[in-house]
2 protein chains.
Amino acid sequence: MTRPISLLFASALLLTGSMGGATAADEPIQPIPPAKITNAAQVELGKKLYFDPRLSKSGFISCNSCHNLSMGGTDNLQTSIGDHWQQGPINAPTVLNSKMNLAQFWDGRAKDLKAQAGGPIANPGEMAFTHALAIEVLESIPAYVAEFEKAFGSAGVDIDRVTTAIAAFEDTLVTPNSRFDKWLGGDRAALSAVEAKGYALFKDSGCVACHNGPAVGGASFQKMGVVEAYKTDSKAIGLAGVTGKDADRLNFKVPTLRNVEMTYPYFHDGAYWTLTEVVDLMGKLQLGKTFSADENAAIVAFLKTLTGEQPKFELPVLPPSTDKTPRPKPFG
Amino acid sequence: MTRPISLLFASALLLTGSMGGATAADEPIQPIPPAKITNAAQVELGKKLYFDPRLSKSGFISCNSCHNLSMGGTDNLQTSIGDHWQQGPINAPTVLNSKMNLAQFWDGRAKDLKAQAGGPIANPGEMAFTHALAIEVLESIPAYVAEFEKAFGSAGVDIDRVTTAIAAFEDTLVTPNSRFDKWLGGDRAALSAVEAKGYALFKDSGCVACHNGPAVGGASFQKMGVVEAYKTDSKAIGLAGVTGKDADRLNFKVPTLRNVEMTYPYFHDGAYWTLTEVVDLMGKLQLGKTFSADENAAIVAFLKTLTGEQPKFELPVLPPSTDKTPRPKPFG
């Protein structure tokens, strides 16, 4: 574990409740910038599509079902519920700040949010639809057809535009102004002494080797179980499934810790529900460290300061189906 | 069919595109008044509870799952999907303007929204939870505990308060300012000639005998299949299940026609998806009338003017569970 001297210096100062001359730029965690909206019409369209269960075979499951924006962009379930109540193979990662991930899904098999967005629609275990049928539904609804034209500057509804619009909406789902970001910005009162101590421990213990950057994660793939193997019933093999390399076995995208208080349960298998357990396990499995109860509590207290402002928007009203819209098949 | 002379007079005038000296007060349909909020804290709490899937055993189903406020307060499915993807026995009625109903559920078995709200939570085929477990979940979340205290003026979380808060939120779910209401208010240009003709037909044909008042329904129980029997696979028997009287067999609460363009599919069994079919069937089964294609189209055009302003509010952000919160059991 190598880290710049300046960080060690800064963290030592933090223990005394002061950053001295250090600035946010010296920290391994950077603030979340607010959303920048370049195409408001695409964002609005994407928001509707994100909430529209008609993109599923059943007419019951939308993007928001498993990446629920009332609940930290997750479903807060160990693994998700798909069409006909199928049990998903992996924990649903949060959509919040997901544009900062180096790739999407736990195994990184989608290079970006646009590439990700088409996956669940056509996955037989999730929304169980087809792209062709989803487009047929949207094309039967004049209000949607008009919105696509407005958002893209020309007529036409296709899966490329659907996923572009959903990704444009998801790009706006950032959570700035957490207490930690205020502290990074120079507001010394934003963290308590225990929280600041937790951050210092988070840095000094090496957590920041993987959990760094604005998203406090999402920037690399890492082996789950470095020092000690992780015990799990999950069959997920991580990056190896994408690269075909045995060396990538159990390498998973490092999850963001932004809003981690809201994104339980944890790990790719969703097997742990409390931050106390997770901090303990990460110390042992990844770093070979055993945190004392006080240290653990301080790190947990720090992690809870990463909860930012949740995206604020009006619940979208979806344009109704028409006589020509193919009907959902929830029980077929 | 008896109706006041003044209405016949008004509808005759409507055919010429003018109400002359008649006023909205003479019409069998009245405008929807805007929502009045008396306890904003209760409404805000109720909104969160309405969107909270932790009131279900699975942690996946909320009030909004089947009464989706993005989709006219319904799920737009023939019958709803319950815990473990169970198929519901009846079409989910809209929550919009439901406070105007003389009773709740198709068979009226709940006297008001508060009495209704507890039903689905504990119904094994719907949210499959118990009231006691739902309260245990809420009590484990300090932010909820504080909100209950604020909303009710004293500490305590119980099912009576949960359903009171949900009903307070639902009371706000009204849809004023439809084009038809603007027309009722004197804006003659709000309806096209065909739409006005459709309204005249709706009155002259006797539809208003049941579909009247601000909600254009919801004010009485009526036999489904008066002139001719309604053919259905549904086993629902309606009001008879509540009163035990054979005379009430197949008597259902007349559904509101407000926002009917958004609340497909139709009837208690959700068997019909288009307003064209429904107008045709209602004419034949309830009134012994066969509408011409033009008449049918005019009535459908009128019905679509009943779509009002949908409730506008920010998607609520739910307080996260804690280490003490009982965990959902989606697959147990």
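As the structure is a computational prediction, the values presented were derived from the model and not from experiment.

**Q** Help me understand the overall build of chain A, please; the structure alone is not making it clear to me.
**A** From N to C terminus, chain A includes 12 helices and 4 strands. A globule of 332 residues ought to have a C-alpha radius of gyration of about 20 Å, and chain A, at 21 Å, matches this closely. For chain A, the spread of C-alpha atoms along the three principal axes comes to 65 × 40 × 30 Å. Each of the 332 residues in chain A was classed as buried or not, and the buried ones make up 49%. Counting contacts in chain A only where the partners sit at least 6 residues apart, residues at least 24 apart contribute 69% of the total.

**Q** Help me out: how do you make sense of the environment of Phe331(A) in this one?
**A** You can see Phe331(A) is positioned in the segment after α12 (293-303). In sequence terms Phe331(A) and Gly186(A) are 145 residues apart; their C-alpha atoms lie 56 Å from each other.

**Q** Can you walk me through unusual backbone geometry in this structure?
**A** With glycine set apart, most residues show a phi of negative sign, and most peptide bonds adopt trans. Put simply, Tyr264(A) and Pro265(A) share a cis peptide bond, and its omega is -10°. Following the sequence through the fold, Pro265(A) ends up in the loop between β4 (251-253) and α11 (275-287). Residue Asn177(B) is not a glycine yet carries a positive backbone phi of 60°. With respect to the helices and strands, the residue Asn177(B) is situated in the loop between α7 (159-171) and α8 (179-184). Asn177(B) sits in the partly exposed class, given 14 other C-beta atoms within 10 Å. Unlike most non-glycine residues, Asn259(B) shows phi in positive territory, near 60°. Along the polypeptide, Asn259(B) turns up in the loop between β4 (251-253) and α11 (275-287).

**Q** Hey, could you run me through the relation of the copies chain A and chain B in this one?
**A** Relating one copy of the chain to the other requires a rotation about an axis plus a shift along that axis. Least-squares fitting of chain A to chain B yields an RMSD of 0.0 Å, with the superposition described by an axial translation of 0.0 Å and a rotation of 180°. In the structure described here, the two chain copies are related by an operation that fits a two-fold rotation axis. No C-alpha of chain A approaches the rotation axis more nearly than that of Glu314(A), which lies at 2.1 Å. By residue overlap, the copies meet face to face through one surface: 100% of the interface positions of chain A are interface positions in chain B.

**Q** Before we go on, may I ask you to explain the domain arrangement of chain A in this structure?
**A** How big an interface is tends to be stated in terms of the accessible area lost upon association of its parts. Residues and elements named next belong to chain A. Domain annotation of chain A identifies domain 1 (5-30 + 178-306) and domain 2 (40-171). Mapped onto the side of domain 1 that touches domain 2, the elements with two or more residues apiece are α10 (240-243) and β4. Residue composition of the side of domain 1 that touches domain 2, grouped by class: 14 nonpolar, 10 polar and 4 charged.

**Q** Please explain the environment of Ile237(B) as it appears in this structure.
**A** Residue and element names in this part refer to chain B. Structurally, Ile237 can be placed in the loop between β3 (221-223) and α10 (240-243). With 15 C-beta atoms packed within 10 Å, Ile237 lands in the partly exposed category. Expressed as a C-alpha distance, the spacing of Ile237 and Val278, which sit 41 residues apart in the sequence, is 20 Å.

**Q** Teacher, can you tell me more about the packing of helix α2 (residues 40-51) of chain A against helix α7 (residues 159-171) of chain A here?
**A** When two helices pack together, you describe them by how their axes are tilted relative to each other and by the distance separating the axes. All names here are of chain A. Relative orientation of the contacting elements α2 and α7 amounts to 100°, with a least axis distance of 7 Å. If you check the angle between α2 and α7, you find them roughly perpendicular. Residues Gln42, Val43, Leu45, Gly46, Lys47, Leu49 and Tyr50 of α2 form the contact with α7, whose own contacting residues are Val162, Thr164, Ala165, Ile166, Ala168 and Phe169.

**Q** I'm lost on α11(B) in this one. Help?
**A** Note: α-helices contain 3.6 residues per turn, so residues at a spacing of three or four share the same orientation. Among the residues of α11(B), those classed as buried are Leu275(B), Val278(B), Val279(B), Asp280(B), Met282(B), Gly283(B) and Gln286(B). Looking at the buried residues of α11(B), the elements they touch are α12 (293-303) of chain B.

**Q** Any chance you could explain helix α5 (residues 131-139) of chain B here in plain terms?
**A** Residues and elements named next belong to chain B. Residues of α5 that are buried include every one of Ala134, Val137 and Leu138, and no others. Each buried residue of α5 sits inside an arc of 95° when the element is viewed along its axis, so together they form one side. Elements in contact with the buried residues of α5: α4 (113-122), α6 (142-152) and α7.

**Q** Explain the confidence of the model for chain A here, please?
**A** Residue and element names in this part refer to chain A. For chain A, the mean per-residue pLDDT works out to 94, and 93% of the residues sit at or above 70. A low-confidence stretch, residues 1-21 (pLDDT under 50), is modelled with 27 contacts involving residues beyond four sequence positions or located in other chains. Listed scores for the predicted complex are pTM 0.93 and ipTM 0.93.

**Q** Got a minute to help me understand the packing of helix α9 (residues 193-204) of chain B against α12(B) in this structure?
**A** All names here are of chain B. Where α9 contacts α12, the two axes come as close as 7 Å, and the packing angle between them is 100°. Between α9 and α12, the interaxial angle falls into the category roughly perpendicular. Along the contact surface, α9 presents Val194, Glu195, Lys197, Gly198, Tyr199, Leu201 and Phe202, while α12 presents Glu295, Ala298, Ile299, Ala301 and Phe302. Its residues placed into classes, the contact of α9 with α12 shows 8 nonpolar, 1 polar and 3 charged.

**Q** When you look at the environment of Asp294(B) in this model, what are you seeing that I'm missing?
**A** Among the secondary structure elements, Asp294(B) is positioned in helix α12. Take Asp294(B): there are 12 C-beta atoms within 10 Å of it, and that puts it in the exposed class.

What counts, and at which threshold
Residues numbered from 1 in each chain as written. Chains lettered and ligands numbered in written order. Predicted model: local features only at pLDDT ≥ 70, side-chain atom pairs only at ≥ 80, totals over all residues. Helix = DSSP H or I, 4+ residues; strand = E, 2+ residues; numbered from the N terminus. Rg over C-alpha atoms; globule rule 2.2 N^0.38 Å. Buried ≥ 20, exposed ≤ 12 C-beta atoms within 10 Å, placed from the backbone. Contact = placed C-beta atoms within 7 Å. Least-squares fit on C-alpha atoms with pLDDT ≥ 70 in both. Domains from an automatic or database assignment. Nonpolar A, V, L, I, M, F, W, Y, C, P; charged D, E, K, R; others polar. Axes fitted to C-alpha atoms, helices over the stretch in contact; angles between N-to-C directions. Parallel < 35°, antiparallel > 145°, perpendicular 65-115°, else oblique. Arc of directions from axis to C-beta. pLDDT = per-residue confidence, 0-100.

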